[in-house]
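Architecture at a glance
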Amino acid sequence: MSTVQLTQKPSETRVEPVYRAPFPWGRLGIRAAALSYLVFMLLIPLAVIFQDGLKEGLGEFWAQVTNPIAWSALILTLWTSAVMTVINTIMGTLTAYVLVRYQFPGKGLLNSIVDLPLAIPTLVTGVMLVILFGPQQTLGAWLKDELGFSIIFSPPGIILALLFITFPFVVRAVQPVLIDLDRTQEDAAATLGARGWTVFQRITLPYLFLPLASGALLSFARAIGEFGAIVIVAGNIPLYSQTAAVYVLGEVESENRLGASAVSMVMVAISFSLILVVGWLQRRRLKDKK
Amino acid sequence: MSILLEQLTKRYEGHPVVNNISLEISDGEFFVLLGSSGSGKTTILSLIAGLTAADHGRVLLHGRDVTYLPTQQRRVGLVFQNYALFQYMTVADNVEFGLSIRKVPAAERRRRRDELLDLVGLAGLGSRMPRQLSGGQQQRVALARALAYQPEVLLLDEPLGALDAKIRAELRRNLKSIQRKLGIATILVTHDQEEAFDLADRIGVMSFGRLLEVGTPDELYQNPQTEFVASFLGSGNLLLGNISQEGVRVGPLRFPHTEDIRQISSEGRVQVLFRPEDVALAPTAEALDCPELGQAVVEEVSFGGAFERLRLRLPPIPGVRPISPPVAFGSNSILVEATRLPDQANRFPLQAGSRTWVGVHRIHTLEHPGLSFMIVSDGSRRAEAAVALGGQIARLAHARVTLIGCGLEGEALQAHLQEARKQLGSGLAALDVQTSHNTPAQAVTLAAEQQPYDLVVLGFNPQDDLSLAEQILQVGEHHLLLVPNSQPVPAQALICVTSGEPGKDDVLFAGRLVRHLGADATLLSVIPAYDKSPDLLKRTENFLEGGVQSLSILGVPAKTAIRTGVAAEMIGEEVSQGGYDLVVLGLPLTKPNGKVSLSGVVEQLLNNITDRAILMVRSRYLGARYYPIMVRERDEHKNSSARSTQ
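Fair warning: this is a prediction, and the values are worked out from it, not measured in the lab. (Residues numbered from 1 in each chain as written. Chains lettered and ligands numbered in written order. Predicted model: local features only at pLDDT ≥ 70, side-chain atom pairs only at ≥ 80, totals over all residues. Heavy atoms only, no water.)

Counting its regular elements, chain A contains 15 helices and 0 strands. Seen through its C-alpha atoms, chain A measures out along the principal axes to roughly 95 × 65 × 35 Å. The buried share of chain A, taken over its 290 residues, is 40%. Considering only residue pairs separated by 6 or more positions, chain A has 76% of its internal contacts joining residues 24 or more positions apart. When the accessible area of chain A is evaluated, it comes to approximately 16,600 Å², of which 70% is carbon and sulfur surface. Both charge centroids of chain A, one from 21 positive and one from 17 negative side chains, sit 13 Å from each other. (Helix = DSSP H or I, 4+ residues; strand = E, 2+ residues; numbered from the N terminus. Buried < 20%, exposed > 50% of the residue type's maximum accessible area, 1.4 Å probe, protein only. Contact = heavy atoms within 4.5 Å. Areas by Shrake-Rupley, 256 points an atom, 1.4 Å probe, with all protein chains shown as cover. Lys, Arg positive; Asp, Glu negative; His and termini not counted. Charge placed at Lys NZ, Arg CZ, Asp CG, Glu CD.)

Structure follows, in structure tokens:
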């Protein structure tokens, strides 16, 4: 019976046409505005850098990048950023865990302070670190005299500055996931005999992996381009404490536009690929959630 | 003894959610904790598993005191309501988790895992991820995981709650056979009584943190000891009757003493329970083969599968007061639930609207708890008035009385209590005298935790005692009688109500109390002067009329009054003109933070009416007791589990 009806019905049913406005200017206008803004503000400047860096050909571009001072600046930038990322990942996770799981006085204030590095001008960050660790200062002098370890005008200073400015990235990536996490799985693990660290590592951490990775990569990408804090802290000593961003400024000032563009291009390429990875990670997290 | 709980207590924000629970569960027993949500049953599992720390009492597992042991060392298998499978591990890894934590060799682990997956009927699905399984399958994995490392006891927190009916029935059978096979002591928590009857060797019924009764399903169904269990387990008809030398009497029903009727006391009021299947229906009174209750109209017939379910409405019967099914507000007829087997239904078919005679085959009697009062006394003049009036009302109501003396020291206290005891004299259902060195508010809180009271009687002076009254109403379930000075037993009660659900509760409790005093009642509603809508007047009239009906079934003659104006003024006017000696006020809604506050209209009234007793009635709907606890229980659980995983 029902199958007969089914085969008869479709011929009778009329599909209502979907209503469309005759002239969707509004919708198209909004799209056009957003896209042209994006192109004008982001894509054109980026394209210009690439065009500029490559205008003398690949060989010249490569020569500019592998010039010892430029190369050392790039390598320094990458390794300090990498060290910062490792420290930031561990400490950021710890901070987020403490902020979510424990109750203590002043927690609300502390939670707000986490975002402070985003608001402080990075130049000021550099000045703060110089005041704290500079060789003329008590702490800096003590470190240098007693341990022969100098922070300001050397790579450790760069790492400190980077840690300061990227502090919020991992914390803010991990925190919401920890808040939303269903705690019964941890309870279940505890009844099965698992203790704190095991529970964290085997039950909690898998949930944090993707947000951690995207937080870490974001902070790495941010660190590569850092200028303000480093130019004060690192002292700009070529082949020792000059980072890529500072090198680019030097090249611009000495009117080597090609050198500036070439190194900029490398920095942009690294950052851009990192951002792509972060985007992919975030999409995967959404898929995992479903 | 596999599981032994001794006086286990857990408080959240001062409210006991698990209140002084003692329980023994023997080896291999399947025990079911049954109660509605918020009754504290899940918290008991958390306490046994060590996910929540107890405030008081001990937990012993196989004779080992684990009260202060961390969860990891308790050897407890816990299955959660939401399964709580580890989402990032395969089914096999989930099951093996407990074993790998204990460093069991891989070969042994695999063997045990396969054995368990086989046991729960999931063999061959070990490589799946949890999200690839159905709800029922996930729950089986959770069970296998909990059993893998051979826990000493198994705790199941509403394990079948989230599944559909068919899978639930199937899993229930599996669960029972697995439990039998392993012989492991098990506690299952549920709110589903069918599940409880099906699975349990014994059932414990919980309500508001208290374990009311423990027994086999059969015992609890046939011989419940408390009103709550009688009406919570299965459907039942509960009426108030009298017991004497001759037997039990409920209106026209007479039952001689038999073995069914438990000898409770030789005389006095009892609750009479009969189950739907004990109800007989016949076209004529003569055709009934058992004592008859009366003629009823069939209100509703529904199909119950193997039997037919009927709801019958009887006109009011002198001397019969129904307790359950509850009579709707504004109605004075009696509802009776009945079931019939198909052949009975065929012989005497009934539809909604048909008339039938109703008889009762078999009854079970329960002790009628009556009312219980707490009288607080600090030896002051107004406290003496409270003791005097409270005692007289208690005597008329056959209420049990607890007298709490506080605020006095040593000999003065003893002398005062001696005097009070003399004054309360005989004729009370029970008298318990306690002394407390705490403040009156603390003393009331502690006493109300020990046992619920219906009424707290307090000597009251609006200038000094307002915050004390608020604190007393903040805890427990009791209503509050404020006695300003020496008062006669009330003969005229003014019940001030606003139409709505809380107002219904106010009328019903006031009726329960006033009926014993032989007093008349007046139901007063005040309509604000600015609200001129005829609709409101109509609604108020209907509501008050309903109140009169509800009071009539309690045997309280009542009339109604409606005044227009400002509530506090109008009530004051009515009080001064009407010759009332008891004023009944509903409590205002609690504040959003759960606190009771009497400021506003109530405070004005308390300040103005200084020479009459005032009864403050707490409605179920005001939220002081119920809402905040349930919400906080959940939050607290989150926090406490953080502690256990550190």
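What follows covers the overall build of chain B. Of regular secondary structure, chain B possesses 18 helices and 31 strands. For chain B, the spread of C-alpha atoms along the principal axes amounts to about 90 × 70 × 55 Å. Looking at chain B residue by residue over its 646 residues, the buried ones come to 54%. Sequence separation of 24 or more characterises 74% of the internal contacts of chain B that already satisfy a separation of 6 or more.

The next point concerns the pairing of strand β31 (residues 613–617) of chain B. Residues and elements named next belong to chain B. Within β31, 5 of the 5 residues are buried, which leaves the element mostly enclosed by the surrounding structure. On β31, burial covers both faces: A613, L615 and V617 on one face and I614 and M616 on the other are all buried. Strand direction decides the pairing type here: strand β26 (residues 479–483) and β31, joined by 3 bridges, are antiparallel. Bridged to L482 within β31 is I614. Between the parallel elements strand β30 (residues 582–586) and β31, the chain passes through helix α17 (residues 601–608) in a crossover that is right-handed. (Pairing = 2+ DSSP bridges. Right-handed = clockwise from strand over helix to strand, strands pointing away.)

Turning to the interface of chain A and chain B, a few remarks are in order. The accessible area lost on association of the parts is a frequent measure of interface size. On the side of chain B, 31 residues touch chain A, which itself brings 25 residues to the contact. Summing the contributions of chain A and of chain B, the shared interface buries around 2,500 Å²; its carbon and sulfur component is 57%. Along the contact surface separating chain A from chain B lie 0 salt bridges. Summed over the shared surface of chain A and chain B, the result is 7 residue pairs in polar contact (both at pLDDT 80 or more). Those elements that provide at least two residues to the side of chain A that touches chain B are α11 (184–191) and α12 (196–224) of chain A. When residues of the side of chain A that touches chain B are assigned to their parent elements, the largest contribution, 8 residues, is made by α11 of chain A. Residue classes in the side of chain A that touches chain B are distributed as 10 nonpolar, 6 polar and 9 charged. (Buried area = accessible area lost by both parts, 1.4 Å probe. Salt bridge = Lys/Arg side-chain N within 4 Å of Asp/Glu carboxyl O. Polar contact = N/O pair within 3.5 Å; in protein donor to acceptor, adjacent residues only side chain to side chain. Nonpolar A, V, L, I, M, F, W, Y, C, P; charged D, E, K, R; others polar.)

Considering the arrangement of structural elements, one finds A47 of chain A in helix α2 (residues 25–53). On a C-alpha basis, the gap between A47 of chain A and I69 of chain A in space is 25 Å, while along the polypeptide they are 22 residues apart.

In a beta sheet, neighbouring strands are held together by backbone hydrogen bonds and run either parallel or antiparallel to one another. Residues and elements named next belong to chain B. Ordered by their spatial adjacency, 5 strands build an open sheet running β15-β20-β16-β17-β19, and the pairing between neighbours is antiparallel. What marks the edges here is a single partner per strand, and that holds for β15 (279–282) and β19 (334–340). Direction aside, neighbouring strands of the sheet carry axes that sit 45° apart on average. In this structure, strand β17 (residues 308–314) lies alongside β19, joined through 7 bridges in antiparallel fashion. What sits directly across from L310, in β19, is A338. (Axes fitted to C-alpha atoms, helices over the stretch in contact; angles between N-to-C directions.)

Note on helix geometry: an α-helix contains 3.6 residues per turn, so any two residues three or four positions apart are oriented the same way. Residues and elements named next belong to chain B. Between its terminal C-alpha atoms helix α10 (residues 381–397) stretches 24 Å, which fits the 24 Å expected from 17 residues at 1.5 Å a residue. The complete set of buried residues in α10 reads A383, A385, A386, V387, L389, G390, G391, I393, A394 and A397. Two residues or fewer after α10 comes H398, characterised by a positive phi angle close to 50°. (Expected span 1.5 Å × (residues − 1).)

The subject of this paragraph is a nonpolar patch on the surface. Residues and elements named next belong to chain A. Residues W62, W71, I75, W79, V83, V86, I87, I90, M91, L94 and V98 make up a contiguous nonpolar surface patch of roughly 1,000 Å² in combined accessible area. The dominant element in the nonpolar patch, judged by the number of residues it contributes, is helix α4 (residues 68–101), at 10 residues. Relative to the helices and strands, I75 resides in helix α4. (Patch = residues over 30% accessible without salt bridge, like charges linked within 9 Å, V, L, I, M, F, W, Y side chains within 5 Å.)

Using the criterion set out here, one finds 8 aromatic pairs over all chains in the structure. Three or more aromatic residues link up through ring pairs in this structure, and these residues are Y97, Y102, W197 and F200 of chain A. The ring of F86 of chain B carries R145 of chain B above its face, with NZ or CZ at 4.4 Å from the centroid. The side chain of R275 of chain B reaches across the aromatic face of Y221 of chain B, ending 4.0 Å from its centre. (Phe/Tyr/Trp six-rings, centres within 6.5 Å; stacked < 30°, edge-to-face > 60°. Lys NZ or Arg CZ within 6 Å of the ring centre and 35° of its normal.)

Once that is clear, we can look at the packing of helix α13 (residues 462–474) of chain B against α17 of chain B. Residues and elements named next belong to chain B. The N-to-C vectors of α13 and α17 enclose an angle of 140°; their axes lie 10 Å apart at closest approach. Classified by the angle their axes make, α13 and α17 are oblique. When the axes of α13 and α17 are compared, the crossing they make is right-handed. Residues P462, Q463 and L466 of α13 form the contact with α17, whose own contacting residues are E603, L606 and N607. A class-by-class count of the residues in the contact of α13 with α17 yields 3 nonpolar, 2 polar and 1 charged. (Parallel < 35°, antiparallel > 145°, perpendicular 65-115°, else oblique. Left-handed = near helix turned anticlockwise from the far one by under 90°.)

Residue and element names in this part refer to chain A. Scored by pLDDT, chain A has a mean of 87; 92% of the residues are at 70 or more. Confidence, expressed as mean pLDDT per element, reaches its minimum in chain A at helix α1 (residues 2–12) with 47 and its maximum at α4 with 94. With pLDDT under 50 throughout, residues 1–9 is counted as low confidence; its partners more than four residues away or in other chains account for 0 contacts. (pLDDT = per-residue confidence, 0-100.)

Residue and element names in this part refer to chain B. Taken N-terminus to C-terminus, the directions of α10 and helix α11 (residues 410–424) make an angle of 30°; their axes are 9 Å apart at the nearest point. By the criterion of interaxial angle, the relationship of α10 to α11 is roughly parallel. Here α10 and α11 pass one another in a crossing that is right-handed. Contact residues: E384, V387, A388, G391 and R395 in α10; H416, A420, Q423 and L424 in α11. Of the residues in the contact of α10 with α11, the class split is 4 nonpolar, 3 polar and 2 charged.

Bringing the nonpolar core into the picture now. Residue and element names in this part refer to chain B. Counting residues in hydrophobic clusters, the biggest one holds 80 residues, and the most contacted among them are L5, I48, F97, L143 and I187. Broken down by element, the residue count for this core peaks at 6 residues, all from helix α4 (residues 135–147). With residues near it in sequence (within four places) discarded, L5 still touches I21, S22, L23, I44, I48, R58 and V59. With 47 residues, the next largest nonpolar core counts F373, L428, A493 and A519 among its residues. (Core = buried A, V, L, I, M, F, W, Y, C linked by side-chain atoms within 4.5 Å.)

Quick look at the side chain of R140 of chain B now. Examined against the element boundaries, R140 of chain B turns out to sit in helix α4. When its relative accessible area of 12% is taken as the criterion, R140 of chain B is described as buried.

Turning our eyes to something else, we now look at the confidence of the model for chain B. All names here are of chain B. Of the residues in chain B, 95% reach a pLDDT of 70 or more, and the chain-wide mean stands at 86. Counting contacts from residues 624–646, a segment whose pLDDT is below 50, to residues more than four positions away or on other chains yields 48 contacts. Across the predicted assembly, pTM comes out at 0.81 and ipTM at 0.77.

Here we come to the environment of T590 of chain B. Topologically, T590 of chain B is positioned in the loop between β30 and α17. A sequence separation of 116 residues divides T590 of chain B from Q474 of chain B, and the C-alpha atoms of the two residues are 9.2 Å apart.

What follows covers unusual backbone geometry. Residue and element names in this part refer to chain B. The amide bond that connects S324 to the next residue, P325, takes the cis arrangement and shows omega of -5°. Along the chain, P325 falls in the loop between β18 (321–324) and β19. Positive phi, close to 50°, is recorded for H398, a residue that is not glycine. Mapping H398 onto the fold places it in the loop between α10 and β23 (400–406). With relative accessibility at 48%, the residue H398 sits in the partly exposed group.

What follows deals with the pairing of strand β28 (residues 520–527) of chain B. Residue and element names in this part refer to chain B. In terms of burial, β28 is largely enclosed, as 7 of its 8 residues are buried. Of the strand pairs in this sheet, strand β27 (residues 492–496) and β28 are connected by 5 bridges, and their pairing is parallel. Counted as the bridge partner of C496 is L524 from β28. Note on the crossover from β27 through helix α14 (residues 501–517) to β28: the handedness is right-handed. By the bridge criterion, 7 bridges tie β28 to strand β29 (residues 558–564) in an arrangement that is parallel. Paired with S525 across the strands is I562, a residue of β29. This β-α-β element, β28 to helix α15 (residues 534–553) to β29, shows right-handed connectivity.

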